[in-house]
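Fold and geometry: a report
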Amino acid sequence: MLCEFARRATTITLGALLALASCGGPKETTPFDGARAMAHVNFLFKYGPRPAGSRALTQAADYIQKNLRDLGLDPQVQRWREEEYKLELQNIWVQIDGQNPKDGPVLVIGAHYDTKNCAGHPNPAHNFTFAGAIDGTGGPAVLLELARHLKDRQNIPNIWLVWFDGEENLEFEWKDDHKALFGSRHFVKTMAADKARFPGDLRQRMQAMVLIDLVGDKNPKIDLDVTSDPELNAIFREVGTAMGEGARVFKYEMGAAFKDDHLPFAKYGVRVVDLIDFEYRIPGVRNHDGSEKKDDRYQQWWHTDQDTPDKMSPFGLKFFGDLVLLGLPRIEKRIYGAK
């Protein structure tokens, strides 16, 4: 009887191993809580439209700072005025210490928290209520939940979480680079000029920057940004596979350099990656043959009044949170030289 039990136990064990092998082994995951992130989404969305310079955006900034303080962190605020456009802006950032809090390397993880201004444009079709759920609360919510996990982690670099103001273009159509990316341009410029923090080139300490944008859709994906650093792209492709979600990572390549908050960092030599879900999200786009560029698997909400929390899910937010948390040790090893 004992021999039979041992034989059957061996059979079960081998079967389990074969089953694991057939599905690629256990899938990597993290404690990132998509439901907590979704709660942040719902709270921020209730402030309504939050274009740069608005009172609602200041309320969102206060909410972000309060949540960081509740975690025992010390958020910093950059306030400045863009005189040409009479805009008052504010970035929020917080350092989560690494091995050398004062002089050690820096990894930036960022997202914009402003929303597209959809009022006062000459074309009536560009004027509607836009409170940006996926495009304005998803990234900030993921950063807040990341802060909860990173504050107790043994980080190698100092991790700077940054909420950028003024990412959206002032005009409805993107025509002028100087009318967008205000927050990221100001942040990287002021840090590069801060010789107390960065006595040499900015990139000597700030070696990498991870941007998350347009996150939280119920059916999430990441599109390949050709301006991103190849090694960082390779890391997140690897992480997607390790999560068992390889089909969601870089299935589509964005056809042109995507203008986003990572580009000002890249201009200073920082290695950057844009984790963004953009392809097939824009309504009304046509292919070269005149057919509609559409895939029914992917909701179309970009810069429309359909960008609301009901298009999102805890799973969609956790997908991005897991990517970052699982990517971090790989970034520390391959970019920051951790053993």
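Structure's up top.
In this report, the structure presented in the accompanying data block is examined.

A short note on the side chain of D307
- Mapped onto the secondary structure, D307 falls in the loop between strand 8 (271-276) and helix 9 (314-334).
- Although buried, D307 forms no salt bridge, and the nearest oppositely charged side chain, K311, lies 7.5 Å from it.
- At 2.7 Å, the side chain of D307 and the backbone nitrogen of I134 are in polar contact.
- Once you skip the residues sitting within four places of it in the chain, D307 turns out to touch F45, F130, G132, A133, I134, D135 and W301.

With respect to the pairing of strand 4 (residues 158-164)
- The buried fraction of strand 4 amounts to seven of the seven residues, a majority that puts the element mostly inside the structure.
- Burial of strand 4 is two-sided: the residues N158, W160, V162 and F164 facing one way and the residues I159, L161 and W163 facing the other way are all buried.
- Sheet topology note: the strand 2 (residues 87-96)/strand 4 ladder contains five bridges and is antiparallel. Across the sheet, the residue bridging to Q95 is W160, located in strand 4.
- The pairing of strand 3 (residues 106-112) with strand 4 spans seven bridges and is classified as parallel. When the sheet's bridge partners are listed, V108 is paired in strand 4 with W160.
- What joins strand 3 to strand 4 is helix 4 (residues 138-150), and the crossover it makes is right-handed.

Brief notes about the packing of aromatic side chains
- Taken as a whole, this structure holds 17 aromatic pairs when the rule is applied.
- Ring geometry for F43 and Y47: centres 5.9 Å apart, planes at 70°, overall edge-to-face.
- By relative accessible area, which is 40% here, F43 ends up partly exposed.
- Judged by centre distance (6.3 Å) and plane angle (90°), the ring pair of F128 and F130 falls under edge-to-face.

What counts as what
Residues numbered from 1 in each chain as written. Predicted model: local features only at pLDDT ≥ 70, side-chain atom pairs only at ≥ 80, totals over all residues. Heavy atoms only, no water. Helix = DSSP H or I, 4+ residues; strand = E, 2+ residues; numbered from the N terminus. Buried < 20%, exposed > 50% of the residue type's maximum accessible area, 1.4 Å probe, protein only. Lys, Arg positive; Asp, Glu negative; His and termini not counted. Salt bridge = Lys/Arg side-chain N within 4 Å of Asp/Glu carboxyl O. Polar contact = N/O pair within 3.5 Å; in protein donor to acceptor, adjacent residues only side chain to side chain. Contact = heavy atoms within 4.5 Å. Pairing = 2+ DSSP bridges. Right-handed = clockwise from strand over helix to strand, strands pointing away. Phe/Tyr/Trp six-rings, centres within 6.5 Å; stacked < 30°, edge-to-face > 60°.

The values reported here are purely geometric and, on their own, carry no functional implication.
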